[in-house]
Amino acid sequence: MNDLDFSGKTVLVVGGSSGIGNGIAQAFRARGADVHVWGTRPGAGDYAGEPGSDLEGLHYARVDVADADAVATVAVPFDRLDVLVCAQGIVRYRREEFKLPAFREVVNVNLVSLMACGDRFHDMLARAGGSMIIVSSAAAFHSTVGTPAYNASKTGAFGLTRTLGEAWARDGIRVNGIAPGLVATKLTRVTTDRPERLEASLRKIPLGRLGTPADMAGAALFLASPLAAYVLGQTLLVDGGLLLA
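Within any chain, residue numbers begin from 1 and follow the written order of that chain's sequence. With the structure being a predicted model, the display of local features is reserved for residues of pLDDT at least 70 and the display and counting of side-chain atom pairs for 80 or more, all residues being used for whole-chain, interface and lining totals. To obtain the side-chain values, all non-hydrogen atoms of the structure were included, while hydrogens and water were left out.

Draft legend 1. Molecular detail of the overall build of the protein chain. Think of it this way: any DSSP run of H or I at least four residues long counts as a helix, any run of E at least two long counts as a strand, and we number them from the N terminus. Counting its secondary structure elements, the protein chain contains seven helices and seven strands. Counting from the amino terminus, the protein chain carries its helices and strands in the arrangement β-α-β-β-α-β-α-β-α-β-α-α-α-β. Along the three orthogonal principal directions, the C-alpha set of the protein chain runs to about 50 × 40 × 40 Å. A fraction of 72% describes how many contacts in the protein chain between residues 6 or more apart in sequence connect residues 24 or more apart. As presented, the protein chain carries roughly 11700 Å² of accessible surface, and 54% of it is formed by carbon and sulfur atoms. Charge assignment: positive for Lys and Arg, negative for Asp and Glu; neither His nor the chain ends contribute. Every charge is mapped onto a representative atom, which is NZ of Lys, CZ of Arg, CG of Asp or CD of Glu. On the protein chain, the mean spot of the 24 positive side-chain charges and the mean spot of the 24 negative ones are 6 Å from each other. Contacts: residue pairs with any heavy atoms within 4.5 Å of one another. Residue burial considers only the protein chains on display, and all accessible areas are found by Shrake-Rupley using a 1.4 Å probe.

This is how it looks when you write it as structure tokens:
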């Protein structure tokens, strides 16, 4: 028996249209799952040619997770859900997050929408004995200069993972999380597109390289699989050793 075979399983990756979420979605698809993804653009074709975005073989839908009512009422083409991955996330640079409008926007997408999605699919996951995986960030474990909303929201996601893990285990749902380190995505271009900043960042990572969506996907596959049947409420730090120093 292959514990990483997800044939016959239904997976939804919120934020699965690009970056880490897309890597996770394609990893589940490669292992037999029927994978649905939610994104922000009108259709899958709007991601054509986008670096870090591969929607081949995935079922795409546009859903604004910042709108809790939309999440609660959206029609979905499945009545069973085995794995829910919440990989949505935004950040606002240039000190925008120190102003309340941007602070609210970031916290709403990065934290409040996690609860909206969990609530929307709680019953499906319970019936399937399923798993919810929350993608937070290594930022949950240290300060991030200039992005207070991003930091607060990711720290909140870490706490939410523990709390839902304890509460929903009684319903047959395992909730765990992943905290990525520095991964080259559109959210991290402020660092990865600047050679001096990138070099300085790489010096802090013991493995000496950026993380990849595939690195994060490996952790997600493990957490959703029978290999992690006794893992609950944990957030795996997948950062190449960044926070060891």
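After that view, the rundown keeps rolling.
Draft legend 2. The side chain of Arg174, seen in detail. Structurally, Arg174 can be placed in strand β6 (residues 174-180). Only protein chains enter the area calculation, which uses a 1.4 Å probe; residues under 20% of their type maximum are buried, those over 50% are exposed, and those in between are partly exposed. Salt bridge, as applied in this entry: a Lys or Arg side-chain nitrogen positioned within 4 Å of an Asp or Glu carboxyl oxygen. No salt bridge forms around the buried Arg174; measuring N to O, its nearest opposite-charge neighbour Asp3 is 10 Å away. At 3.4 Å, the side chain of Arg174 and the backbone oxygen of Ser225 are in polar contact. Under this definition, polar contacts are N or O atom pairs within 3.5 Å; protein pairs additionally need one hydrogen-donor-capable and one acceptor-capable atom, and for neighbouring residues in sequence, both atoms have to be side-chain atoms.

Draft legend 3. Looking closely at the sheet that holds strand β1 (residues 10-14). Each pair of strands is called paired provided DSSP finds at least two bridges between the two strands. Strands sit in the order β3-β2-β1-β4-β5-β6-β7 across an open sheet of seven strands; the sheet is parallel. Here the strands that pair on one side only, and so sit at the sheet edges, are β3 (59-62) and β7 (235-238). Each strand of the sheet is rotated relative to its neighbour by a mean of 20°, with strand direction disregarded. Here strand β2 (residues 34-39) runs beside β3; their pairing, made up of four bridges, is parallel. By the bridge assignment for β3, His36 is matched with His59. Most of the contacts of helix α3 (residues 100-128) go to strand β4 (residues 83-86), to which it runs at about 175°, and overall it touches β1, β2, β4 and β5 (131-135). Here the axes come from fitting lines to C-alpha atoms, over the contacting stretch only for helices, and the angles between their N-to-C directions go from 0 to 180 degrees.

Draft legend 4. Spotlight on the packing of α3 against helix α4 (residues 148-169). For the pair α3 and α4, interaxial distance at closest approach is 7 Å and the crossing angle is 20°. Comparing the axis directions of α3 and α4 gives the class roughly parallel. For the element pair α3 and α4, the recorded crossing hand is right-handed. Contacts from Phe103, Val106, Val107, Asn110, Leu111, Leu114, Met115, Gly118, Asp119 and His122 of α3 reach α4 at Pro148, Ala149, Tyr150, Ala152, Ser153, Lys154, Gly156, Ala157, Leu160, Leu164 and Trp168. Residues of the contact of α3 with α4, tallied by class, amount to 14 nonpolar, five polar and two charged. Angle categories: roughly parallel below 35 degrees, roughly antiparallel above 145, roughly perpendicular from 65 to 115, and oblique for all the rest. What makes a crossing left-handed is the near helix being turned counterclockwise from the far one by less than a right angle; a clockwise turn instead makes it right-handed. In the scheme used here, Gly and all other residues not listed as nonpolar or charged are polar, with Ala, Val, Leu, Ile, Met, Phe, Trp, Tyr, Cys and Pro taken as nonpolar and Asp, Glu, Lys and Arg as charged.

Draft legend 5. How the structure looks around the packing of aromatic side chains. Each pair of aromatic rings taken from Phe, Tyr and Trp, with Trp reduced to its six-membered ring, is defined by centres within 6.5 Å and is described as stacked if the planes are under 30 degrees apart, edge-to-face if over 60, and tilted in the remaining cases. Taken as a whole, this structure holds five aromatic pairs when the rule is applied. An angle of 75° between the planes, with centres 4.9 Å apart, marks the rings of Phe6 and Phe28 as edge-to-face. Taken together, the residues Phe6 in the segment before β1 and Phe28 in helix α1 (residues 19-30) connect sequence positions 22 residues apart. Each member of the pair, Phe6 as well as Phe28, is classed as buried. Measuring from ring centre to ring centre gives 5.0 Å for Phe141 and Phe158, while their planes differ by 65°; the resulting arrangement is edge-to-face. In this pair, Phe141 is assigned in the loop between β5 and α4 and Phe158 in helix α4, connecting sequence segments 17 residues apart. On the basis of relative accessible area, Phe141 is assigned to the partly exposed category, the value being 38%. Of note, Arg95 hangs over the ring of Phe98, and the distance from its end group to the ring centre comes to 4.1 Å. Remark: a charge is flagged as sitting over a ring if the NZ atom of Lys or the CZ atom of Arg is within 6 Å of the ring centre and within 35 degrees of the ring normal. One Lys or Arg, Arg120, reaches over the ring of Phe121 and ends 4.9 Å from the middle of that ring.

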